[in-house]
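# Chains, contacts and geometry: an overview
What follows is each chain in one-letter form.
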Amino acid sequence: MFEAEKQQVEEKILQILRDKGIQDVKLTWGWIPFNGAWGIAAPFFPVAAQEARQGKNVQVPIRAQELAEEVARTLGTPAGFERVEAIKGYLNLYFSSREYAQRVIDQVLKEGSAFGKGTRLNQQVMVEFSQPNTHKAFHVGHLRSAILGDSISRILEFAGYDVIRANYPGDIGLHVIKWLWNYMKFHAGEKPPADATTRWMGDLYAEANRRLEENPELESEVRALYARWDKRDPEIVQLWEETREWSLQGFREMYKILDIHFDIYYFNSMVEHPGKEVVEELIQKGIARDERPEGPVIVKLDELLGLNEEKYRVLVILRSDNTALYATEDLALAKRKFSDYPNLHRSYYVVDVRQSLHFQQVFKTLELAGYEWATRCQHIPYELVNLPGNVVMASREGTVVLLEDLIREATSRALQVVEEKNPELTPEQKQQVAQAVGIGAIKYPMLARENTKIVTFDWQTALDFNGQAAPYIQYAHVRASSILRKGGGIPTEAAINYAMMPSELQLIDLISRFPKEVQRAASELKPLHIANAAYELAKTFSDFYNECPVLTAEEPIRNGRLRLVAATRQAIANALGLLGIHAPEVM
RNA sequence: GCCCCUGUAGCUCAAUGGACAGAGCACCUGCCUUCUAAGCAGUUGGCUGAGAGUUCGAAUCUCUCCAGGGGCGCCA
């Protein structure tokens, strides 16, 4: 937007500077801090500093202001701009408000749900996220990877990538065997209750741990069961498949409610044996050292890389008893991904920060093994969701908030508010609104902060629908929708030839920045930027709502504002969409 | 011992190296015969953990400390 004008002006400015004998300068453009109007700004400090470095006796801030003033004088008022000023060493170019507003609104309404979308890059990326364990509870701590990964996927897709969403459930391992042992011995033939499958699965797992703690001698039974699994005893395999499906069914239901989907499922059990093959290969290539049976199979990364200080340390890739570890499977999984999708431009892993070293080790090991794609693997770390007092959520400790409880609480609380605020809605509408608001309220706090910051979960904050939260943004969308309904839809066109109020200008400014925010969020892999953009839009729309009557305004203001409302509504909807949050029409 | 992350208002968090560091929550005061009050306006609140350095300019980059959290050869 206004790129052409900007480039023309830049060329003129550089020419003016050249005429003054100032060569080789580069202008850096930013936005003028909002002060009632808006435009672009370039600081002249670097130019003045360059002169100073070349031996000229100048005080940089003063000289910068001088230069800006001189340029402003010579430049006049270029096409596409309304006003030029030199202030505090900056050259500020104010856009022609009407022209700019017109362009922004026209563009948004023309592009609709595609507004802000990047051009297609024809680059395939995979995002692996939400690695839930079957036969265990699904708690709020597991939610961040799911929500973050989903949003990152949406953002990358919108930014122009072809995204493959991968899930990697932990469907095998000691936890599963313990569960099976408990089930076979104490719950044989039972089925999970239809409405609380995941909770029941989690309860049985906790029960298994309890029993084993109370009677450690029973561990031998678990080990025996593991051995039967290893030999693929049909009875065990069949039970495993059946019970695993119960968990997966529960997960699917939660993903559906959360509006999260996957293109492919890689199961832990799929890469157990391939992992062992990779280990053999690494041994043969001389990368891994086989210390069996006294020790495990290890990769001495720092030694292989000739590093003097410890960086990658040592990676254990197979236990001394030949059983697979997490690392064993991750080696095979990475390989599998690139064999399924050879053209992957990037392979992202949305996994908590505690596994940073682990992923560095795995990727480096694969790189040493000669897999050129290993450098295309990237871990996206995020911090945990803790309980107040920095208590980590752990199913074994019983310090968990189950996702299903949170969803139920949030939606019922939202339903309560809808009943209060909008009793005339149909029951179906109320339910839909409650779901949108409840889920939005859950997702937003996990996205509206740096990935590397801990989220502290507490019920009060989670169920607070006021202020900087998803419902506030949704509410702005609802109000905009309401105005458009009552105003008879979106006028097909409207010339802006009236003086706009500050909030109108600021709205247009925010809307016009959205495409850049999308690109930024995509390149930094941070939904935070979108969350901020959405909130800013909603906040400014609230200002507008109070400052500028729409329906009662005279023409042509009425039509102009209706189109601005429509454009804002679209921008908010697009932003919320990238966060995986619904934008309701009523609430 | 080595490595990573975090430190900004009472609390939770923002801030492409740029103009007076901004929101929300909480507290207090107002505003529903005008488009949904899940809202708005106003009041209060800061030596950006400390110190140096780089820069015209640092919450942001570098270094040294301090505090908290996390990770470091057979857990996932």
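Figured I'd write up the structure that's included with this text.

What counts and how
- Residues numbered from 1 in each chain as written.
- Chains lettered and ligands numbered in written order.
- Predicted model: local features only at pLDDT ≥ 70, side-chain atom pairs only at ≥ 80, totals over all residues.
- Heavy atoms only, no water.
- Phe/Tyr/Trp six-rings, centres within 6.5 Å; stacked < 30°, edge-to-face > 60°.
- Helix = DSSP H or I, 4+ residues; strand = E, 2+ residues; numbered from the N terminus.
- Buried < 20%, exposed > 50% of the residue type's maximum accessible area, 1.4 Å probe, protein only.
- Lys NZ or Arg CZ within 6 Å of the ring centre and 35° of its normal.
- Pairing = 2+ DSSP bridges.
- Contact = heavy atoms within 4.5 Å.
- Near = heavy atom within 4 Å.
- Polar contact = N/O pair within 3.5 Å; in protein donor to acceptor, adjacent residues only side chain to side chain.
- Nonpolar A, V, L, I, M, F, W, Y, C, P; charged D, E, K, R; others polar.

## Here we look at the packing of aromatic side chains
- For the coordinates displayed, the defined rule picks out 26 aromatic pairs.
- Seen in terms of ring centroids, F45 and Y90 are 5.6 Å apart; in terms of plane orientation they differ by 85°. Their pairing is edge-to-face. Within this pair, whereas F45 is found in helix α2 (residues 45–53), its partner Y90 is found in strand β4 (residues 90–95), the two being separated by 45 residues in sequence.
- By relative accessible area, F45 is classed as partly exposed at 27%.
- What makes Y90 partly exposed here is its relative accessible area of 35%.
- Put simply, the rings of F129, F138, F251, Y255, F262, Y265 and F267 pair up and form one aromatic cluster.
- It is R479 that lies over the ring of Y545; its NZ or CZ is 3.9 Å from the centre.

## Comments concerning the pairing of strand β9 (residues 297–300)
- Here two bridges tie strand β8 (residues 289–290) to β9, and the two strands are oriented antiparallel to one another. Note that in β9 the partner of D290 across the bridge is V297.
- Between β8 and β9, which pair antiparallel and follow one another directly, the connecting turn spans six residues.
- Relative to strand β10 (residues 314–318), β9 runs antiparallel, the two being bridged by four bridges. Within β10, the residue paired with V297 across the bridge is L318.

## Side note on the side chain of S503
- Position of S503 relative to the elements: it lies in helix α18 (residues 502–524).
- Residues contacting S503, with those up to four places away along its chain left out, are T540, D543, F544, E547 and C548.

## A closer look at the side chain of N92
- Looking at where N92 falls in the secondary structure, it is placed in strand β4.
- For N92, a relative accessible area of 6% corresponds to the buried category.
- Residues within four places of N92 in sequence aside, it is in contact with I32, I40, A41, R83, V84, E85 and I87.

## Quick look at the protein's contact with RNA strand B
- Around RNA strand B, the surrounding shell holds 67 residues, and the nearest of these are Y90, K421, K453, Y475 and S482.
- Taking the atoms of RNA strand B that fall within 4 Å of the protein, sugar and phosphate contribute 61% of them.
- Here a sugar or linking oxygen of RNA strand B sits 3.3 Å away from a polar atom, N or O, in the side chain of N546.
- Here a base nitrogen of RNA strand B and a backbone polar atom of C548 are 2.7 Å apart.
- Per-element accounting of the surface near RNA strand B gives the leading share, nine residues, to helix α19 (residues 528–547).
- Taken together, the residues that form the surface near RNA strand B break down as 34 nonpolar, 16 polar and 17 charged.

Any link to function would need more than the numbers given here.
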